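One letter stands for each residue in the lines below.
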Amino acid sequence: MTTSAPIHPPAATAEQTGAVDVELAVSGMTCASCAARIERTLNKLDGVSASVNYATEKAHVSAPAGVDPHLLIETIEQAGYHAALPATPTKGAAPDDDPSDDDGELVALRHRLIGAVVLSVPVIALAMVPALQFTYWQWASLTLAAPVIVWAAWPFHRAALLNLRHGAATMDTLISVGTTAALLWSLYALFFGTAGQPGMTHGFTLTVSASDGAGNIYLEVAAGVTMFVLAGRYFEKRSKRRAGAALRALLELGAKDVTVIRDGHQHRIPIGELAIDDEFNVRPGEKIASDGVVVSGTSAVDASMVTGESMPVQVAPADTVTGGTVNAGGHLRVRATRVGADTQLAQMAAMVERAQTGKAHAQRLADRISSVFVPVVIAVAIAVLGAWIGAGYPLQAAFTAAVAVLIIACPCALGLATPTALLVGTGRGAQLGIVIKGPEVLESTRTVDTVVLDKTGTVTTGQMTLVQVTTAPSTTREDVLALAGAVENASEHPVAAAIAAGAAAEVGPLDEVDDFRNFEGRGVRGLVQGRVVTVGRPTLLAEHGIAVDDPHLNEAQTAAEEAGQTAVLVAWDGRAHAVLAVADAIKPTSAHAIARLAALGMTPILLTGDNQTVADAVAAEVGIDTVIANVLPADKAAVITDRQSDGKVVAMIGDGVNDAAALAHADLGLAMGTGTDAAMHAADITLVRGDLNAAADAIALARTTLKTIKMNLFWAFAYNVAAIPLAALGLLNPMLAGAAMALSSVFVVSNSLRLRAFTSPPHSSSTVPPTNPSTYTPQGYKVAA
């Protein structure tokens, strides 16, 4: 096993550098280039360092002390966007359930999309099906299409004007120029050409011939492009709006109210009113309200959701406890040492937010292509106009050719290229238990070379399980399980619950226990079937004068402890009869899945808060060579950034609250669906099945979907680029243009539908076989339970 390199110390905070951190909510961004533009504008201010994230729509600004935040807001608004300070939640108030419920921008976009669909479908049908072209159908098309092109497409027109102001060009510029040109020329053809005459039809002639364009309308092109691109934009924005869900999920894990002791009386108060040095009671099963120190009482505390430690921690007076963990045993009285934003849980939420704000999502592929394609097309159109005029042709013919270039350059299939591939790819992923958040996630999967795996709940089940029963030569397994299970069944301790569950599964219903006694942190004792049975640590047996003198049991106890398991002794009639080993069991499919991840070109690393012995034992069983153990929750993200600073592209697979910041920091975060909401919201991909095999499927599917999107984008432009020379020569026939656009759209949709047949890549003979081959389908997928 190899161990990790030292974790780098955190960077200096804003307070240490004499700066203040300001976070602003930014709206009006339509693409990643908008975020970059705002970032450049803010960074021009003296002493200001800004990072703007398009996905979360937030700007994190480090500014000199004393800078008025409203100056930053004014600077952003001068650039053409909107900004505001985030609303401060009321003390102790719960966060909103869904930020998108009252999101005016998202609601407006939804209304535009619905309007575009209702109005565009008839326009497209009329233009493409001659049998539907009644007398004056072209005027009906204008009536339906005009609101789509002007009102529904307004976000594209606004963004295009903003881009023009800044000398930039994006997909919005292309959509705006193309749809506007199509509308203006259609109006010219209807009012000043022959297109408005009664009985005008679009026939099926696909000949290439010169035309002045006055008999052709292009309303279906403009309306269709608007509808398709609006659909893609809406679903992308809806996905983006969920970026803050990780923070809400983290905060939801904390207690909502607490029983505080004041003036000798108990008071139930909201968690927001708890103060430092307040003492509060924690009943069995309750969440501990804040970080603190135990004043009285002993108990086992389940900290797995926060620390990742699978074994409950025994606490006693003077021990520290963490807010958000669960009291699994007796009553505790705790003195609060950190409350509100200072608690470990709140600090983890802040880490997730910082990671999301600083995470550089890739620009959308369509914007990258458009940034080059749009200026070239506009330049070609201007050159065509000049060439025709210079050659002595009439102005009408020259303008027809130039506008034709703009119209044919607006690819209808571009609006379908990404949404259809994502729709089919994510649908296929859902069938396989994989949820992919958005298009920016796909690029991360391409270059991942390192996969960091959390242990508890990811590689292992996350639940204590009875894994081994070793009996003395004269004792039967059934007797041990019947007696030990009955006594442990009366205890609330997680280890006792694991033994009782294992015993009941094997021997059936357990007997009632009499004279039950619980010895905190050491074990239990009770009367079963007329025998006094003691189950617990060697110290408990020694207190009752019971010696463990059987070498067979001593060896079993030592072996269990060396393997990182919890060894529990069972004794009656004055002597020890068995050793029970309890551990967090490894999932049956973990070894096979890790072998598949390695076959995809990734180096697996096991990362855990558990001790080195347990971690090494788990890693050896599943085939992982690199182990990083004893890692605090706050340091997990540092491990990820350390690997990234070494040039690695890192994927993180986890399931707990303690993994949320690391998942957000990673180039690709994958969360187990059986874990916490915090982890799932912070991750890029959620594995619903809770099976690591889904991680390998997710990487392969995401890479295939990205490849399909790139192919779609290529053909979406290629068909239209091929027709640009025809338009430039004045040979553009409207049906030929329509056919090219229809063909490109059909190709894009058909190409995307191929993702429905995605199957797991075949396993080589060197791959570790499934633990239970009967649970796998012929395609290699494990059937969900």
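Cut-offs applied
- Residues numbered from 1 in each chain as written.
- Predicted model: local features only at pLDDT ≥ 70, side-chain atom pairs only at ≥ 80, totals over all residues.
- Heavy atoms only, no water.
- UniProt positions renumbered as here; feature names shortened; annotations may be inferred.
- Helix = DSSP H or I, 4+ residues; strand = E, 2+ residues; numbered from the N terminus.
- Core = buried A, V, L, I, M, F, W, Y, C linked by side-chain atoms within 4.5 Å.
- Buried < 20%, exposed > 50% of the residue type's maximum accessible area, 1.4 Å probe, protein only.
- Pairing = 2+ DSSP bridges.
- Lys, Arg positive; Asp, Glu negative; His and termini not counted.
- Salt bridge = Lys/Arg side-chain N within 4 Å of Asp/Glu carboxyl O.
- Axes fitted to C-alpha atoms, helices over the stretch in contact; angles between N-to-C directions.
- Arc of directions from axis to C-beta.
- Phe/Tyr/Trp six-rings, centres within 6.5 Å; stacked < 30°, edge-to-face > 60°.
- Patch = residues over 30% accessible without salt bridge, like charges linked within 9 Å, V, L, I, M, F, W, Y side chains within 5 Å.
- Areas by Shrake-Rupley, 256 points an atom, 1.4 Å probe, with all protein chains shown as cover.
- Charge placed at Lys NZ, Arg CZ, Asp CG, Glu CD.
- Expected span 1.5 Å × (residues − 1).
- Polar contact = N/O pair within 3.5 Å; in protein donor to acceptor, adjacent residues only side chain to side chain.
- Contact = heavy atoms within 4.5 Å.
- Parallel < 35°, antiparallel > 145°, perpendicular 65-115°, else oblique.
- Left-handed = near helix turned anticlockwise from the far one by under 90°.

**Q** Run through the UniProt feature "transmembrane region" (unreviewed entry) in the protein, naming residues and quoting values.
**A** When the UniProt feature table is mapped to this numbering, "transmembrane region" (unreviewed entry) covers residues 113-130, 136-154, 174-195, 215-235, 372-391, 397-424 and 713-732. Overall, residues 113-130 shows 89% helix and 0% strand. The separation of its end C-alpha atoms is 27 Å. The distance from the first to the last C-alpha atom of residues 174-195 is 26 Å, and the span holds 82% helix and 0% strand.

**Q** With reference to specific residues and values, describe the nonpolar core.
**A** Ile217, Leu219, Leu230, Val377 and Val405 are the most contacted members of the largest nonpolar core, which totals 56 residues. Listed by contribution, the elements that provide at least two residues to this core are helix H3 (104-128), helix H4 (137-152), helix H6 (171-191), helix H7 (219-240), helix H11 (365-390), helix H12 (395-409) and helix H25 (693-728). Broken down by element, the residue count for this core peaks at 10 residues, all from H7.

**Q** Outline the pairing of strand S13 (residues 332-338), supporting the account with residue identities and numerical values.
**A** Both faces of the sheet carry side chains from a regular strand, because those side chains alternate between them. Alignment of strand S7 (residues 279-282) against S13, held across four bridges, turns out to be antiparallel. Residue pairing across strands places glutamate 279 opposite arginine 335, the latter belonging to S13. As defined by bridge partners, strand S8 (residues 291-296) adjoins S13 across five bridges and the pair is classed as antiparallel. Among the inter-strand pairings, glycine 292 is bridged to a residue of S13, identified as alanine 336.

**Q** So what about the side chain of glutamate 488? Which residues, and what values?
**A** Topologically, glutamate 488 is positioned in helix H16 (residues 477-488). No salt bridge is formed by the buried glutamate 488; its nearest oppositely charged neighbour, arginine 537, is found at 10 Å.

**Q** Lay out the sheet that holds strand S1 (residues 19-27) with the relevant residues and their values.
**A** The strand order across the open sheet formed by four strands is S2-S3-S1-S4, and the pairing between neighbours is antiparallel. Strand pairing shows two members of the sheet lacking a second neighbour, strand S2 (49-53) and strand S4 (82-84), which therefore form its edges. With strand direction ignored, the average angle separating the axes of adjacent strands in the sheet is 25 degrees. Pairing of S1 with strand S3 (residues 58-64), which is carried by seven bridges, proceeds in the antiparallel orientation. The residue bridging alanine 19 from the neighbouring strand is proline 64, located in S3.

**Q** So what's going on with helix H2 (residues 69-78)? Residues and values would help.
**A** For H2, the full list of buried residues reads Leu72, Ile73, Thr75 and Ile76. All buried residues of H2 lie within an arc of 160 degrees about the axis, which places them on one face of the element. Away from the buried face of H2 by more than 90 degrees, exposed residues His70 and Gln78 are located. Among the residues trailing H2, glycine 80 stands out with phi positive, at a value near 105 degrees.

**Q** Pulling in residues and values, what's your account of the packing of aromatic side chains?
**A** For the structure on display, the rule yields four aromatic pairs. Ring geometry for tryptophan 139 versus phenylalanine 191: centroids 5.2 Å apart, planes at 80 degrees, classification edge-to-face. Placement of the pair is tryptophan 139 in helix H4 and phenylalanine 191 in helix H6, with a sequence separation of 52 residues. Residue classification places phenylalanine 191 among the exposed residues on the basis of a relative accessible area of 52%. Feature note: the residues Trp185, Tyr188 and Phe192 constitute an aromatic cluster, connected by ring pairs.

**Q** Can you lay out a negative patch on the surface for me, pointing to particular residues and giving the numbers?
**A** Taken together, the side chains of Asp511, Glu512, Asp514 and Asp515 present a region of like negative charge at the surface. Along the polypeptide, glutamate 512 turns up in the loop between helix H17 (494-507) and strand S17 (514-519).

**Q** Go over helix H19 (residues 551-562) with me, naming the residues and quoting the values.
**A** The end-to-end C-alpha separation of H19 is 16 Å, in line with the 16 Å expected for 12 residues at 1.5 Å each. Residues of H19 that are buried include every one of Leu553, Ala556, Gln557 and Ala560, and no others. Considered in projection along H19, the buried side chains sweep an arc of 100 degrees and stay on one side of the axis. Across H19 from its buried face, at more than 90 degrees, point the exposed residues Pro551, Glu555 and Glu562. The N-terminus of H19 is capped by aspartate 550, whose side-chain oxygen sits 2.8 Å from the backbone nitrogen of histidine 552.

**Q** Tell me about the environment of valine 452, and please be specific about residues and values.
**A** Counting through the fold element by element, valine 452 comes out in strand S15 (residues 450-454). In this structure valine 452 touches Ile605, Leu607, Ile640, Val650, Ala651, Met652 and Ile653, once residues within four positions along its chain are discounted.

**Q** I'd like a rundown of the packing of H3 against H4, residues and numbers included.
**A** Relative orientation of the contacting elements H3 and H4 amounts to 150 degrees, with a least axis distance of 9 Å. The angle between H3 and H4 falls in the class roughly antiparallel. Note on packing geometry: the crossing formed by H3 with H4 is left-handed. Within the contact between the two elements, H3 uses His111, Arg112, Gly115, Ala116, Leu119, Ser120, Pro122, Val123, Leu126 and Ala127 and H4 uses Trp137, Ser141, Leu144, Ala145, Pro147, Val148, Trp151 and Ala152.

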